[in-house]
Amino acid sequence: MLAIEQNFLMFFVVSAPFFGSCISTILTRAQRQQTILYPIFSNCSKCCHHLPFFHKIPILSYIVLKGKCSFCGISINWIHITFEIGFLISSLLAVAILFNQTFGVILLTIFLAWIFIPLSTFDIQKKRLPDIITVPIACAGFLQGYFLPYVMFFDCLVGFLLGFALGTIVSVSYSRIRHQTGLGWGDVKLIAAIGAWIGWQFVPWFILLASMSALTYGIFQIIKHGKHMANERIPFGPFLCGSSWLVWLYTIS
Ligand SMILES: [Zn+2]
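Going along each chain's sequence as written, the residues are numbered from 1 onward. Per-residue local features are limited, in this predicted model, to residues with pLDDT of at least 70; the limit for side-chain atom pairs, both in listing and counting, is 80 or more; totals at the level of whole chains, interfaces and linings are taken over all residues.

**Some details on the overall build of the protein**
Rule in force here: Every helix listed is a DSSP run of H or I at least four residues long, and every strand listed is a run of E at least two residues long, numbered separately from the N terminus. All radius of gyration figures rest on C-alpha atoms, and the globule criterion is 2.2 Å times the number of residues raised to 0.38. Exposure is read from a count of other C-beta atoms within 10 Å of each residue's own; the residue is exposed at 12 or fewer, buried at 20 or more and partly exposed in between. C-beta atoms are placed from the backbone. By definition, residues are in contact whenever their C-beta atoms, placed on the basis of the backbone, come within 7 Å of each other.
From N to C terminus, the protein includes nine helices and zero strands. Sequence-ordered secondary structure for the protein, helices as α and strands as β, is α-α-α-α-α-α-α-α-α. Against the globule reference of 18 Å for 253 residues, the protein gives a C-alpha radius of gyration of 20 Å, in line with a compact fold. Counting the 253 residues in the protein, one finds 34% classified as buried. Here the analysis covers contacts within the protein between residues at least 6 apart in sequence; of these, 69% occur between residues at least 24 apart.

What follows is the structure, given as structure tokens:
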């Protein structure tokens, strides 16, 4: 890797929480149907007080202010700190694990995480995974299979079909047995899209990892909040995204 590429990656890692902060602000404004880019420096969503610069330093300000607006005391939306920490950790992991890989693939892996974080957040909030994001993820998976040497294009194609087939079987079987939706079609499409990234060989492992982590989370929820949580629907998108990103890291490292 060239020195200029190393410097660029270092800049990327250091800037990651700022990118996370900007994207989370844009998304929360879009959800509130506000002007996306104005005001450039955000105000508090409750008291509308202009927030000074030192109240908006990613991660650090959240810790110092204990996650609250210092003017009215309202809790700062959890999305901001999630994006800031998520963007930083994913960039650090990608650079640390893939340090002997090419500059391009490290950047691609970071961007993949930066798409998965908003997608997971959207699934937690809205309980759905929009096609406008899952379809481009599938297309990007096929493109990397065609142009990059890590996963063969044929394996990506079979991975996509296997992911769709397994997802469909689980979704249809669950709804016929339990008469309710267990695995939504958004999840099925995301599993297929991820299959196009990691290849068919890793699809069963990735589904197993995502299922086990979701199950562990569900058990903790029941222990913490009681048995009624067993009937609560857990958004599966974050577990699919997290597991597939780790499997992708393993595949190319
Ligand atoms: Zn406030």
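From this point on, the discussion continues.
**Thoughts on the nonpolar core**
Rules: When buried Ala, Val, Leu, Ile, Met, Phe, Trp, Tyr and Cys residues are joined through C-beta atoms within 7 Å, the set is termed a nonpolar core. For every domain, the bounds stem from an assignment made automatically or drawn from a database.
Judged by nonpolar contacts, the single largest core of 47 residues is most densely connected at Ile 194, Ile 198, Phe 206 and Leu 240. Sorting elements by how many residues they give to this core places helix H7 (residues 185–198) first, with nine residues. Residues from two domains meet in this core; each of domain 1 (1–118) and domain 2 (127–253) gives at least three.

**What about the environment of Ile 115?**
With respect to the helices and strands, Ile 115 occurs in helix H4 (residues 103–126). With 15 C-beta atoms counted inside 10 Å, the residue Ile 115 sits in the partly exposed group.

**Quick look at the confidence of the model for the protein**
Parts of the model with low pLDDT should not have their predicted coordinates read in detail. What counts, and what does not: Each residue gets a pLDDT score, which is the predictor's confidence in that residue and runs from 0 to 100.
Looking at the protein, the pLDDT average stands at 90 and 98% of residues meet or exceed 70. Ranking the elements of the protein by mean pLDDT puts helix H1 (residues 3–31) last, at 90, and H7 first, at 96.

**Examining the packing of H4 against helix H9 (residues 237–252)**
Heads up, the condition is: The axes used here are C-alpha line fits, helices contributing only the stretch in contact, and every angle between their N-to-C directions lies in the interval 0 to 180 degrees. Note on terminology: angles under 35 degrees are roughly parallel, angles over 145 are roughly antiparallel, angles of 65 to 115 are roughly perpendicular, and the others are oblique. Each residue gets one of three labels, nonpolar for Ala, Val, Leu, Ile, Met, Phe, Trp, Tyr, Cys and Pro, charged for Asp, Glu, Lys and Arg, and polar for the others, Gly among them.
Across the interface, H4 lies against H9 with an axial gap of 8 Å and an inter-helix angle of 170 degrees. If you check the angle between H4 and H9, you find them roughly antiparallel. On H9, the residues touching Val 105, Thr 109, Leu 112, Ala 113, Phe 116, Leu 119, Ser 120, Asp 123 and Ile 124 of H4 are Gly 237, Pro 238, Cys 241, Trp 245, Trp 248, Leu 249 and Ile 252. Considered class by class, the residues forming the contact of H4 with H9 number twelve nonpolar, three polar and one charged.

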